[in-house]
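Descriptive structure summary
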Amino acid sequence: MMEGLEALLGEFILDARERMDRVEQNLLDLPTLSDVERADALSGTKRELHTLKGNAGMMGLADLQALAHRMEDDIAAGGELDIGNLLAAVDAFRSQLRGLDEQASVETPGGDTTADAAGPDDTGEQSFASVRVPFAVLDPLIDLIGEMVIVRNRMSDSVERGCSLDPTATDFAARSAEAWSAVQLAQDSLNDTLDVIRERVMALRMTPLSVLLGTLRRIVHDEAAGAQKRAAFETDGGDTPLDKALLEVANEALGHLVRNAVIHGLEDPSKRVALGKPETGTVRVRASTKGDEVWIEVSDDGGGIDRDELYRVARSRGVVTDQLQDVTEVLFESGFTTRERADMGSGRGVGLSAVRKAVQRQGGEIEITTALGRGTTFLLRLPISVSIARALLVTADDEVYAVPLTAVVESRRMRLGDSHTVNQAGVFRWRDELLTLLDLGWHFQTNCEARPEGYVIVIEVGGKRRGLVADHILGVREVVVKGLDPIVGHPPGVGGSTVLGDGRPILILDPKRLVEVKPFSREAA
Amino acid sequence: MSARRRKVLVVDDSQLIHKMYELALRAYQRCELESHFASDGYEGLAQLSRHPDIGLIMLDVNMPTMSGLEFLTRVKAEPALQEIPVVLQSTEDSEDDIRRGLEAGAWGYLTKPYTPQRLHALLDEIID
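All of the points below concern the structure found in this document. (Residues numbered from 1 in each chain as written. Chains lettered and ligands numbered in written order. Predicted model: local features only at pLDDT ≥ 70, side-chain atom pairs only at ≥ 80, totals over all residues. Heavy atoms only, no water.)

1. Description of the packing of aromatic side chains
Residues and elements named next belong to chain A. For the structure on display, the rule yields three aromatic pairs over all chains. Seen from the ring of F332, R356 lies directly overhead, with NZ or CZ sitting 3.7 Å from the centre. The lysine or arginine in question, R413, covers the ring of Y455, its NZ or CZ lying 5.1 Å from the ring centre. (Phe/Tyr/Trp six-rings, centres within 6.5 Å; stacked < 30°, edge-to-face > 60°. Lys NZ or Arg CZ within 6 Å of the ring centre and 35° of its normal.)

Structure below.
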């Protein structure tokens, strides 16, 4: 290897991975392409392999060089391509890259160029634990921090000036007002700059969903090949942004749903033809942004789910279905399978129930719609971003709760006699309407009575309003949103948890559920 | 090339190769080399108009937008640029490309993988 090149190993691995991803996508696309597109895709693939070969050669990685060379030759030979064989070569190439990656991260522990590319958690199939940030994006952020330092210094100066004033001097009042307003100006400026930084840093976390689509395409291909089915994979909305922190859960959920769609959704080619459907089934992933959520639909044009059959199976397995909103909900019950015995697909990995739990832990949901004979659609809903939220901190019976600020309309002092009872529910007159109250202490069972005075925090979600009653308002804080441990039971209306500066864990409320919760009933209490 | 500080333009679609050149060119002893980079032929032409004093072009034959050969043809057709020596770089199995490149006026070629020593030897020949 050229001296100094070790430093470029991480770079090489990243570059090679991206090129291999493109090679894989091109190979998977081939069957769906016209002759002209096919020629284009093949020459693009050859070019990628050619560059890979050259780069591997320069890095002194003879094995990878030979592998890329062989793949390039296979494609250049023309004729019917053995795509399965080429995909196996892609896998072999990747596995060698993984080996190099481990080596690189061992050789430069916490080191320079390779460290970001080849972190220790980057050795799995795919990892979303790190973000690559171009200097062009990073540098303005550093400038902003520089700006904050300047303002902070200005603020310290003003504070010092204020403190050193002589209280007996005749102009003390004027001078201290001056110093005070300088501090306030600086504080405003700090807040503005912080807002900009938060916005930009949050934007860094956003990743287009398309980074997941390649893996999904490969799953559809491999599962269809294994089950002797024919499946086309279509995608839409790959540019939909999703928080990096959610990519992992989205990846796992979508992988599961796409695998399900091929194995359980699509019919065998012969059956499809007999039904008058195209021989090749379609699995479609469509993503879009809906309000503050990302909606990802995974649909197939297969046989759909036979509700009667499902009900029968559920009954025979002793799964109680009467309490479920819809019989399809049993699919999310842990351990439930309609198959007599676990086959390759259903016996592998985690079940739908685990997938749904993981999604719910991140504040998302999975829903299902199905039409017998026409197919099934799973809708994966995820919040656009997680991690940091602005919340109003309130207390009720000495418990602190965080109410996400996005749902807060306003807060009002509630004095004795301000609340009334209508239909056994506490109400509060607010802007010409009667707001139904929900006492936080009552709801979270720290108090069996609704408090007659305190504060009403008006929340609104999807046009529905409710007044949360608390003792005190502590103020607006930034909270880092953490998921809840699914094993620990919690009352409805909790969206997550966070830890206060003093180490106290508190609950983050879920306004979406709270506006639906049955309010305090005098009779019940 | 005669100026004290010489500018080298590397036209290659691989960022990795850019970095390798940067290392290898920095290690060159006989004179100080300033490296400039372009990812395809169009960028290459843009760099040439920005730095008319570029004294050597290292050109990858295999690029997605505007191939190396097309870039070479354009450079050789431009009176202000045609004197700049162009060194092709390619893998050993691209003989056709190399032959066509030499016919189109390339100064020489370098096949990958090469060592910095080979690159330096070639630079010795071009720079005197």
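2. With respect to the interface of chain B and chain A
Taken together, the contacts link 20 residues of chain B with 20 residues of chain A. In total, about 1,700 Å² of surface goes out of reach between chain B and chain A, with carbon and sulfur atoms giving 65% of it. Considering only the surface of chain B that becomes buried against chain A, L16(B), M20(B) and N62(B) emerge as the three largest contributors, covering 31% of it. In this structure, the connection of chain B to chain A is made through one salt bridge. Across the pair K19(B) and E11(A) runs a salt bridge, and its minimum N-O distance is 2.8 Å. For the side of chain B that touches chain A, the secondary structure elements donating two or more residues are α1 (15-26), β4 (86-91) and α5 (116-126) of chain B. Here the side of chain B that touches chain A gets six residues from one element, more than from any other, and that element is α1(B). Of the residues assigned to the side of chain B that touches chain A, the class counts are 10 nonpolar, six polar and four charged. (Contact = heavy atoms within 4.5 Å. Buried area = accessible area lost by both parts, 1.4 Å probe. Salt bridge = Lys/Arg side-chain N within 4 Å of Asp/Glu carboxyl O. Helix = DSSP H or I, 4+ residues; strand = E, 2+ residues; numbered from the N terminus. Nonpolar A, V, L, I, M, F, W, Y, C, P; charged D, E, K, R; others polar.)

3. Things to note about the packing of helix α2 (residues 35-58) of chain A against helix α3 (residues 62-76) of chain A
Two measures define how a pair of helices packs: the angle their axes make with one another and the distance between the axes. Residues and elements named next belong to chain A. Where α2 meets α3, the closest approach of the two axes is 8 Å, and the angle between their N-to-C directions is 160°. Considering the angle they form, α2 stands roughly antiparallel to α3. Our pair here, α2 against α3, has a crossing hand that is left-handed. Contacts from L42, T45, K46, L49, H50, L52, K53, A56 and G57 in α2 reach L64, Q65, A68, H69, M71, E72, I75 and A76 in α3. A class-by-class count of the residues in the contact of α2 with α3 yields nine nonpolar, five polar and three charged. (Axes fitted to C-alpha atoms, helices over the stretch in contact; angles between N-to-C directions. Parallel < 35°, antiparallel > 145°, perpendicular 65-115°, else oblique. Left-handed = near helix turned anticlockwise from the far one by under 90°.)

4. Things to note about the pattern of salt bridges
All names here are of chain A. This structure, assessed with the given rule, holds 42 salt bridges over all chains. E293 serves as the salt-bridge partner of K512, at 3.3 Å between the closest nitrogen and oxygen. Of this pair, K512 sits in helix α14 (residues 511-514) while E293 sits in strand β5 (residues 293-300), placing them 219 residues apart in sequence. The exposure class assigned to K512 is partly exposed, which follows from its relative accessible area of 35%. (Buried < 20%, exposed > 50% of the residue type's maximum accessible area, 1.4 Å probe, protein only.)

5. Observations regarding the side chain of R381(A)
Residue and element names in this part refer to chain A. Secondary-structure assignment places R381 in strand β7 (residues 375-383). Look at R381 and you get buried, because its relative accessible area is 17%. Engagement of the side chain of R381 in a polar contact is seen with the side chain of E293, the distance being 3.0 Å. Apart from residues lying up to four places away in sequence, R381 is in contact with E293, V294, W295, V359, G364, E365, E367 and K512. (Polar contact = N/O pair within 3.5 Å; in protein donor to acceptor, adjacent residues only side chain to side chain.)

6. Notes on the side chain of N55(A)
Residue placement: N55(A) occurs in helix α2. Setting aside residues no more than four positions away along its own chain, N55(A) makes contact with F12(A), D15(A), R19(A), S14(B), L16(B), I17(B) and M20(B).

7. Notes on the sheet that holds strand β14 (residues 454-461) of chain A
All names here are of chain A. Strand order in the open sheet formed by six strands is β10-β14-β15-β13-β12-β11, with mixed pairing between adjacent strands. Each having just a single partner strand, β10 (408-414) and β11 (419-422) make up the two edges of the open sheet. Within the sheet, the average angular offset between the axes of one strand and its neighbour, ignoring direction, is 40°. The pairing of strand β12 (residues 425-430) with strand β13 (residues 433-439) spans four bridges and is antiparallel. Looking across to β13, one finds that F428 is bridged to L435. (Pairing = 2+ DSSP bridges.)

8. Re α2(A)
Across its 24 residues, α2(A) extends 34 Å between first and last C-alpha, which sits within 8% of the 34 Å expected from 1.5 Å per residue. Positive backbone phi, at 75°, marks G60(A), one or two positions downstream of α2(A). (Expected span 1.5 Å × (residues − 1).)

9. A closer look at the sheet that holds strand β3 (residues 54-60) of chain B
Working definition: the strands of a sheet are paired by backbone hydrogen bonds and lie parallel or antiparallel to each other. Residues and elements named next belong to chain B. Here we have five strands laid out as an open sheet, ordered β2-β1-β3-β4-β5, and parallel in their pairing. The sheet is open, and its two edges are formed by β2 (32-38) and β5 (108-112), each paired on a single side. For this sheet, the mean angle separating the axes of adjacent strands, direction not counted, is 25°. The sheet contacts of helix α2 (residues 41-50) involve β1 (5-11), β2 and β3, and relative to β2 the element is tilted by about 135°.

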